[in-house]
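Residue-level structure breakdown
For reference, the chains in residue letters:
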Amino acid sequence: MLFRSLKKILEAIANDPAITAIYFVIDGLDRCGVHALEFLQLISKGPGLFTGKASLRCIISSRPSDFLNRNMQPECVIDLSKENRQDIDTVVKSRMKSFQELHKFPDDLRDEIEKLLRERSDGMFLWLSLVLDRLHDLTIWDEMIVKEKLQSIPFDVRSEEHTSELQSHHDL
């Protein structure tokens, strides 16, 4: 139903003679479930489905997946999780330095936490941001407590269950 409605809306916009370009953004295609393939098919067939002169421009964001690798042309894909490793590292180092100055814990603990944050973030700023916010609220920076809490945080933010669990992880 949602897909049919979206298709009708796009057709109406594309067939309007006053419209010359349509910019279509799908954020989180991986969260569309069974409709993901329908969205990709609609976009790939878009120019043939519309009788108007409008050109269709699409931006799709998604977590990496085999589904996308099979259905997208490689030259059309930018893997941001690989592209933003340096940015993740910069954020991790900066925030951990601030935490260390505030809580006075040893360099080896800072280095270990930084390594864990870089690895577990897997290039995802959402996960990193949520965890760094939880670390900011931490009052006791005992090595065992911090490591245990960090190890217990889910790192797969792909499912709603894990995302909500991460966002409500109050004991950190």
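Residues numbered from 1 in each chain as written. Predicted model: local features only at pLDDT ≥ 70, side-chain atom pairs only at ≥ 80, totals over all residues. Heavy atoms only, no water.

Observations concerning the confidence of the model for the chain
Condition: Predictor confidence is given residue by residue as pLDDT, running from a minimum of 0 to a maximum of 100. In this description a helix means any DSSP run of H or I spanning at least four residues, a strand means any run of E spanning at least two, and both kinds are numbered starting from the N terminus. Any two residues having at least one pair of non-hydrogen atoms within 4.5 Å are treated as being in contact.
Confidence in the prediction of the chain, expressed as mean pLDDT, is 79, and 84% of residues score 70 or more. Put simply, helix H9 (residues 160-167) is where the chain has its lowest mean pLDDT, 48, and helix H5 (residues 85-103) is where it has its highest, 93. Low confidence marks residues 158-163, where pLDDT is under 50. Its contacts with residues over four positions away, or in another chain, come to ten contacts.

Details of the pairing of strand E1 (residues 21-27)
Applicable threshold: Burial classification: accessible surface area is computed with a 1.4 Å probe over protein chains only, and a residue below 20% of its type maximum counts as buried, one above 50% as exposed, and the rest as partly exposed. Here, strands pair whenever DSSP counts at least two bridges between them.
Of the two faces of E1, only one is covered, namely that formed by Ile22, Phe24 and Ile26; the face formed by Ala21, Tyr23, Val25 and Asp27 stays uncovered. Bridge analysis of E1 against strand E2 (residues 55-61) gives seven bridges, and the strand direction is parallel. What sits directly across from Tyr23, in E2, is Arg57.

Focus: helix H8 (residues 143-152)
Each full turn of the α-helix corresponds to 3.6 residues, which orients residues three or four apart in the same direction. Let me state the cut-off plainly: Arc, as used here, means the arc of the directions from the helix axis to the C-beta atoms.
Burial in H8 covers these residues: Val146, Lys149 and Leu150. Buried residues of H8 fall within an arc of 95° about the axis and therefore sit on the same side. Across H8 from its buried face, at more than 90 degrees, point the exposed residues Met144, Glu148 and Gln151.

Overview of the packing of H5 against helix H6 (residues 107-121)
The test is simple: Every axis corresponds to a line fitted to the C-alpha atoms, with the helix fit spanning only the stretch in contact, and the corresponding angles, defined between N-to-C directions, vary from 0 to 180 degrees. Each crossing gets its handedness from the near helix: less than a right angle anticlockwise from the far helix is left-handed, clockwise is right-handed.
Between H5 and H6, the least distance of the axes is 10 Å, while the angle of their chain directions is 145°. Like other packed secondary-structure pairs, H5 and H6 cross with a definite hand, here right-handed. The residues of H6 that touch H5, namely those facing Ile88, Asp89, Val92, Lys93, Met96, Lys97 and Gln100, are Asp107, Arg110, Ile113, Glu114, Leu117, Arg118 and Ser121.

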